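What the coordinates show
Take a look at the letters that make up each chain.
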Amino acid sequence: MVKAVVGANWGDEGKGKITDMLGETSDIIVRFQGGANAGHTIINDYGKFALHTLPSGVFYSHTTSVIGNGVALNIPVLCKEIESIVSQGVPKPKILVSDRAQIVMPYHILFDQYEEERLGKESFGSTKSGIAPFYSDKYAKIGFQVNELFEDETLKHKIHKVCEKKNVLLEHLYHKPVIDEEELYNTLVEYREMIAPYVGDVSLFLHEAIKEGKKILLEGQLGSLKDPDHGIYPMVTSSSTLAGYGAIGAGIPPYEIQKIVTVVKAYSSAVGAGAFVSEIFGDEADELRRRGGDGGEFGATTGRPRRMGWFDAVATKYGCRMQGTTDVAFTVLDVLGYLDEIPVCVGYEIDGEVTTDFPTTGKLEKAKPVYEVLPGWKSDIRGITKYEDLPENCRKYIEFIEEKIGYPITLVSNGPGRHEIINRGFED
Ligand code: GDP
């Protein structure tokens, strides 16, 4: 049985917490896309961790953590992450890295920085982890798969070919130092030694696991609105954030993904540039940012303050639809307990007409939010374990949103901890 945990919005919905929780009953947890550009924050018995590359299941000794072929693999970041969790007392995790995963090269990170610099005011707000240059090279067929590290002669030849091209750009477009082929080769030899203990045939491993009836969890990064095809292009990420891509980025048949748990946050936040219809500003935003998540809404990778907004039912309905949601996990609801009233964006007004269907980017830039205001519940809901015990206005908020988005909210998260969850019909 394969489940996916994915985000409906701009990322940071709390997927890490939900994966960590569902990891308890899983055998294998797979990252299938993205790289070290986003991060999950996880709080468990070992402490508080920000993971960028490792799947959130690394804290369980019974699970295998898999880095699928769809991931942008930053080898030093992965190895540092393994070292850092082990040094904090977590048992050494079982890790399998796909021999077909591609490697984030040192120059990808530089190109990301140089391009953002070149764009200046028009930059994408990239985390500068090399993700866009990485995926560009992957599809331009000049990326390096992990298995290529182990073929010395072809590796040298390829380094030469790629450097020829990259160095023209470095010299003439960016006016920066060129890549030294030998230095790059030596770095890749180091990468080879670092990654060797973990490399394997992931799709074969997962094929066998599915046959044996193992429980597999696919862990998405970011959310639907950052998908390069269906998101707010071009202010998107460079690999698909949709559950459907889980089949490709892990190497399993699409029909095996039976449950798609879409994580939805009780209010909105976003990082980077791009239209954000229900965005709020000033003191109102500062207060929500300060109270939000666990210890404030600041990026797990960059520490940047997140942009804040009210819940957006238009974007979320669309986000859930694109994921193929079977279950919604509604998170960070406890944070809203301070508000007298809670606006919810229920429509977009575009050129004088109101729609509830998420538009293409040009129209989205013009959209103005249409709000309905719900009464707050003015209390702390942490510690509540049964749905009926939630304050009436809190249940009304959940049910209102469930009706607007059209997908069942079967999990309600009312705190950052692993067990701070209310089951409203979720079947594991
Ligand atoms: P992810 O990238 O989707 O995993 O999300 P992040 O980890 O960036 O952001 C979610 C933040 O919210 C983290 O700091 C979590 O610890 C925290 N969090 C998750 N669920 C809840 C919740 O129900 N209540 C509160 N207060 N915090 C939560």
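Residues numbered from 1 in each chain as written. Predicted model: local features only at pLDDT ≥ 70, side-chain atom pairs only at ≥ 80, totals over all residues. Heavy atoms only, no water.

1. Section: the overall build of the protein chain
Defined as follows: Helical segments are the DSSP runs of H or I of at least four residues, strand segments are the runs of E of at least two, and each set is numbered from the N terminus. Every radius of gyration here is taken over C-alpha atoms, with the globule rule written as 2.2 Å times N^0.38, N being the number of residues. For each residue, the accessible area found with a 1.4 Å probe, counting protein chains only, is set against the maximum for its type, and the residue is called buried under 20%, exposed over 50%, and partly exposed in between. By the convention used here, residues are in contact when the closest approach between their heavy atoms is within 4.5 Å. Using a 1.4 Å probe, accessible areas were evaluated by the Shrake-Rupley method; residue-level cover was limited to the displayed protein chains. A residue counts as positive if it is Lys or Arg and as negative if it is Asp or Glu; His and the chain ends are not included. Lys charges are placed at NZ, Arg charges at CZ, Asp charges at CG and Glu charges at CD.
For the protein chain, the count of helices and strands is twelve helices and 21 strands. Taking 2.2 N^0.38 as the reference for a compact globule, 428 residues should give roughly 22 Å; the C-alpha atoms of the protein chain span a radius of gyration of 22 Å, in line with that estimate. Seen through its C-alpha atoms, the protein chain measures out along the principal axes to roughly 70 × 50 × 40 Å. Across the 428 residues that make up the protein chain, the buried fraction comes to 57%. Taking contacts inside the protein chain between residues at least 6 apart in sequence as the whole, the part at least 24 apart equals 75%. For the protein chain, the exposed area adds up to about 17,700 Å²; of that, 51% sits on carbon and sulfur atoms. Each charge class in the protein chain was averaged separately, 46 positive and 62 negative side chains, and the resulting centres sit 1 Å apart.

2. A short note on the site of the ligand
The criterion, for reference: Here a residue is considered near a molecule or strand provided that any single heavy atom belonging to it is located within 4 Å of it. Pairing of N or O atoms within 3.5 Å defines a polar contact, subject to two protein rules: one partner must be a possible hydrogen donor and the other a possible acceptor, and residues neighboring in sequence count only if both atoms are side-chain atoms. Here the nonpolar group is Ala, Val, Leu, Ile, Met, Phe, Trp, Tyr, Cys and Pro; Asp, Glu, Lys and Arg are the charged ones; every other residue, Gly included, is treated as polar.
The environment of the ligand is made up of 19 residues, and the closest members are Lys15, Gly16, His40, Asp334 and Ser413. Within the side chain of Asp12, an N or O atom sits 3.2 Å from an oxygen atom of the ligand. Broken down by secondary-structure element, the contributors of at least two residues to the shell around the ligand are helix H1 (15-23) and strand E3 (40-44). Its residues assigned to classes, the shell around the ligand comprises three nonpolar, nine polar and seven charged.

3. So, the nonpolar core
Keep this limit in mind: Among buried residues, those of type Ala, Val, Leu, Ile, Met, Phe, Trp, Tyr and Cys that are joined through side-chain atoms within 4.5 Å constitute a nonpolar core.
Ranked by internal contacts, the top residues of the largest apolar core, which has 41 residues, are Val97, Phe144 and Ile195. Those elements that place two or more of their residues in this core are strand E4 (47-51), helix H2 (75-87), strand E7 (94-98), helix H3 (106-119), helix H5 (152-173) and helix H6 (181-195). A per-element tally of this core places H6 first, with six residues. Setting aside residues no more than four positions away along its own chain, Val97 makes contact with Ile67, Leu73, Leu78, Val146, Ile195, Tyr198, Val199, Gly200 and Val202. Ala8, Tyr267, Phe311 and Ile398 belong to the second-largest nonpolar core, a separate cluster that totals 38 residues.

4. Some thoughts on the sheet that holds strand E14 (residues 307-309)
The cut-off we apply is this: Two strands are said to pair when DSSP picks up at least two bridges between them.
Here we have three strands laid out as an open sheet, ordered E12-E14-E13, and antiparallel in their pairing. What marks the edges here is a single partner per strand, and that holds for strand E12 (268-270) and strand E13 (279-280). Judged from the three bridges that link them, E12 and E14 form a sheet pairing that is antiparallel. The partner of Ser269 across the bridge, within E14, is Met308.

5. A short note on the pattern of salt bridges
We count it as follows: Each salt bridge in this description consists of a side-chain nitrogen of Lys or Arg and a carboxyl oxygen of Asp or Glu lying within 4 Å of one another.
Enumeration over the complete set of coordinates arrives at 25 salt bridges. Notably, a salt bridge pairs Asp20 with Arg418, separated by 2.9 Å at the nearest N-O pair. Here Asp20 is found in helix H1, whereas its partner Arg418 is found in the loop between strand E20 (409-413) and strand E21 (421-423), with 398 residues between them in sequence. When the shortest N-O distance is used, the salt bridge between Arg118 and Glu115 registers 2.9 Å. Placement of both Arg118 and Glu115 in helix H3 is noted, with a separation of three residues, approximately one turn of the helix.

6. Describing a negative patch on the surface
The test is simple: Patch membership requires more than 30% relative accessible area and the absence of a salt bridge. Residues of like charge join within 9 Å; the nonpolar side chains Val, Leu, Ile, Met, Phe, Trp and Tyr join within 5 Å.
The grouping of Glu164, Asp180, Glu181, Glu182 and Glu183 at the surface amounts to a negative patch. If you trace the backbone, Glu181 turns up in helix H6. Accessibility expressed as a relative area gives 33% for Glu181, which makes it partly exposed.

7. With respect to helix H12 (residues 392-405)
Threshold: Helix span is expected to be 1.5 Å times the residue number reduced by one. In this description, the arc belongs to the directions extending from the helix axis to the C-beta atoms.
The end-to-end C-alpha separation of H12 is 20 Å, in line with the 20 Å expected for 14 residues at 1.5 Å each. Among the residues of H12, those classed as buried are Cys394, Tyr397, Ile398, Phe400, Ile401 and Ile405. For H12, the arc enclosing every buried residue in end-on projection is 160 degrees, short of the 170-degree limit, so these residues lie on one face. Against the buried residues of H12 lie strand E15 (311-312), helix H10 (313-323), strand E16 (327-331), strand E17 (341-350), strand E19 (368-375) and E20.

8. Considerations on the sheet that holds E16
So the rule is basically this: In this description, a line fitted to the C-alpha atoms serves as the axis of each element, helices being fitted only across the stretch in contact, and the angle between N-to-C directions of two axes falls anywhere from 0 to 180 degrees.
Strand order in the open sheet formed by ten strands is E9-E7-E5-E2-E10-E1-E11-E16-E20-E21, with mixed pairing between adjacent strands. Every other strand in the sheet has two partners, leaving strand E9 (199-200) and E21 as the edge strands with one partner each. Strand direction decides the pairing type here: strand E2 (residues 28-31) and strand E10 (residues 216-223), joined by four bridges, are parallel. In the sheet register, Arg31 faces E10, and the bridge partner there is Glu219. Contacting strand E1 (2-7), E2, E10, strand E11 (257-265), E16, E20 and E21, H1 runs over the sheet at an angle of about 175 degrees to E10.

9. Comments concerning the packing of H5 against H6
Test applied: Reported orientations rely on four angle classes, namely roughly parallel under 35 degrees, roughly antiparallel over 145, roughly perpendicular from 65 to 115, and oblique for the rest. Should the near helix be turned anticlockwise from the far one by less than a right angle, the crossing is left-handed, and should it be turned clockwise, the crossing is right-handed.
Contact geometry of H5 with H6 gives a least axis separation of 10 Å together with a crossing angle of 135 degrees. Taken together, the axes of H5 and H6 are oblique relative to one another. The crossing of H5 and H6 is right-handed. Counted together, Asp152, Leu155, Lys156, Ile159, His160 and Cys163 of H5 and Glu181, Leu184, Tyr185, Leu188 and Arg192 of H6 form the full contact between these two elements. Its residues placed into classes, the contact of H5 with H6 shows six nonpolar, one polar and four charged.

10. With respect to the pairing of E17
With respect to burial, E17 is a largely interior element, eight of its ten residues being buried. The sheet contact formed by E15 and E17 spans two bridges and is parallel. Pairing of Asp312 across the sheet is with Cys345, part of E17. Relative to E19, E17 runs antiparallel, the two sharing eight bridges. Among the inter-strand pairings, Pro343 is bridged to a residue of E19, identified as Val373. Here three bridges tie E17 to strand E18 (residues 353-355), and the two strands are oriented antiparallel to one another. Along E18, the bridge assignment pairs Glu349 with Val354. Here E17 folds back onto E18, and the loop between the two strands holds two residues, one of which, Asp351, carries a positive phi near 50 degrees.

11. Brief notes about the environment of Leu339
Within the element layout of this structure, Leu339 appears in the loop between E16 and E17. Along the sequence, Leu339 and Leu288 sit 51 residues apart, while their C-alpha atoms lie 9.5 Å from each other. Apart from residues lying up to four places away in sequence, Leu339 is in contact with Trp310, Gly376, Trp377 and Lys378.

Scope: geometric values only; no functional claims are made or implied.
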